[in-house]
Amino acid sequence: MDETRRRFLKAAATAAGAAATPDLAHAQALGQDQPVAHQAVPSDLMLRVKSLESLLVEKGLVDPAALDALVDMMEHEVGPRNGAQVVARAWVDATYKRRLLENAPDAIAELGFRSGQGEHMLVVENTPKVHNLVVCTLCSCYPWPVLGLPPVWYKSAPYRSRAVIDPRGILREFGTQLPDDVEVRVWDSTAELRYIVLPERPAGTESMTEEQLAALVTRDAMVGVAKVTFPPSGGNR
Ligand code: FE
């Protein structure tokens, strides 16, 4: 992007009062999944992606139908409801849970969830004495086959740094209070290895079906910023 265009866009964005780098609270308040929907002008990154896409299509290097298929897959086939099904299965089937903890990609593929950005995944289990929290300190590595695309707060600099420096503080901001005797373990995802939290099954759900249990499991619980509650306390699914 040339300097003139960049300056124009920056000025326009400033005039519109757009926030280019949201803090954690702002990122959380954005509704998570549409981080730039409120911006008057697309970010530099989005403009760069659009320019590249047009160029690649124009030169015949990329088939627009293939791009559409990829976008459709991301919108309809991957997402946290997949992860919720994995968690619910682990809650009701002890042998499945063992397979999941030993070899997450294979156990997850048993339920039909398999795609890029998740070839190597590790499931970490919450217990009454251990709470796991997932972050990618470098960028935004995330287990796409089970959680879909990462929410904007997960990609934000405040979350990425504070999850390591002050995990209990981050948890409190998400409304998760942990007793002092619960150990917090922070897992740093990379492009090679992505983590998913297996939350604790809440009390009072003993007679629920697998499908009913899956409906309780939220995305935030599988990242580790929240617990699964019953009755559900809301939050993001
Ligand atoms: Fe990353």
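Everything below is about the structure shown above.
In short, a report on the structure.

Re the overall build of the protein
For the protein, the count of helices and strands is 13 helices and 4 strands. Burial status across the protein gives 32% buried among its 237 residues. In the protein, once contacts between residues fewer than 6 apart in sequence are set aside, the share between residues at least 24 apart is 69%.

Thoughts on unusual backbone geometry
Geometrically, the link from Phe-230 to Pro-231 is a cis peptide bond, its omega value of 0° lying close to zero. Residue position: Pro-231 is located in the segment after helix 13 (219-223).

Notes on the nonpolar core
Ranked by internal contacts, the top residues of the largest apolar core, which has 46 residues, are Val-87, Ile-196, Val-217 and Met-222. In terms of residue count, helix 5 (residues 80-92) provides more of this core than any other element does, 6 residues in total. When neighbours within four sequence positions are excluded, Val-217 is seen to be in contact with Ala-84, Val-87, Ala-88, Pro-199, Met-222 and Val-228.

Side note on the environment of Val-197
For Val-197, the position within the fold is in strand 4 (residues 194-198). Along the backbone, Val-197 and Leu-122 are 75 residues apart, and their C-alpha atoms lie at a distance of 8.6 Å. Not counting residues within four places of it along the chain, the set of residues in contact with Val-197 comprises Val-124, Asn-126, Asn-132, Val-134, Ala-221, Met-222, Val-223 and Gly-224.

Quick look at the packing of helix 5 against helix 6 (residues 94-102)
Orientation of helix 5 relative to helix 6, taken along the N-to-C sense of each, is 125°, at an axis distance of 5 Å. It follows from the interaxial angle that helix 5 and helix 6 lie oblique. Considering how the two elements wind past one another, helix 5 and helix 6 form a crossing that is left-handed. Counted together, Val-86, Arg-89 and Ala-90 of helix 5 and Tyr-96, Lys-97 and Leu-100 of helix 6 form the full contact between these two elements. By residue class, the composition of the contact of helix 5 with helix 6 is 4 nonpolar, no polar and 2 charged.

Quick notes on the environment of Glu-200
Examined against the element boundaries, Glu-200 turns out to sit in the loop between strand 4 and helix 12 (210-216). On a C-alpha basis, the gap between Glu-200 and Val-217 in space is 10.0 Å, while along the polypeptide they are 17 residues apart. Glu-200 has contacts with Asn-126, Thr-127, Lys-227 and Val-228, leaving out every residue within four places of it along the chain.

Considering the pairing of strand 4
Buried residues dominate strand 4, accounting for 5 of its 5 residues. Side-chain alternation along strand 4 places Arg-194, Ile-196 and Leu-198 on one buried face and Tyr-195 and Val-197 on a second face that is also buried. Taken together, the 5 bridges between strand 1 (residues 121-125) and strand 4 define a ladder with parallel strand orientation. By the bridge assignment for strand 4, Met-121 is matched with Arg-194.

Quick word on helix 3 (residues 44-58)
An ideal rise of 1.5 Å per residue puts 21 Å on 15 residues; helix 3 measures up with 21 Å between its terminal C-alpha atoms. Of all 15 residues that make up helix 3, 0 are buried, and the element is exposed over most of its length.

Structural notes on the environment of Tyr-154
With respect to the helices and strands, the residue Tyr-154 is situated in helix 9 (residues 152-155). Taking the number of C-beta atoms within 10 Å as the measure of exposure, Tyr-154 has 24 and is therefore buried. Those residues in contact with Tyr-154 that lie beyond four places of it in its chain are Ser-140, Tyr-142, Tyr-159 and Val-223.

Cut-offs used in this document
- Residues numbered from 1 in each chain as written.
- Predicted model: local features only at pLDDT ≥ 70, side-chain atom pairs only at ≥ 80, totals over all residues.
- Helix = DSSP H or I, 4+ residues; strand = E, 2+ residues; numbered from the N terminus.
- Buried ≥ 20, exposed ≤ 12 C-beta atoms within 10 Å, placed from the backbone.
- Contact = placed C-beta atoms within 7 Å.
- Core = buried A, V, L, I, M, F, W, Y, C linked by C-beta atoms within 7 Å.
- Axes fitted to C-alpha atoms, helices over the stretch in contact; angles between N-to-C directions.
- Parallel < 35°, antiparallel > 145°, perpendicular 65-115°, else oblique.
- Left-handed = near helix turned anticlockwise from the far one by under 90°.
- Nonpolar A, V, L, I, M, F, W, Y, C, P; charged D, E, K, R; others polar.
- Pairing = 2+ DSSP bridges.
- Expected span 1.5 Å × (residues − 1).

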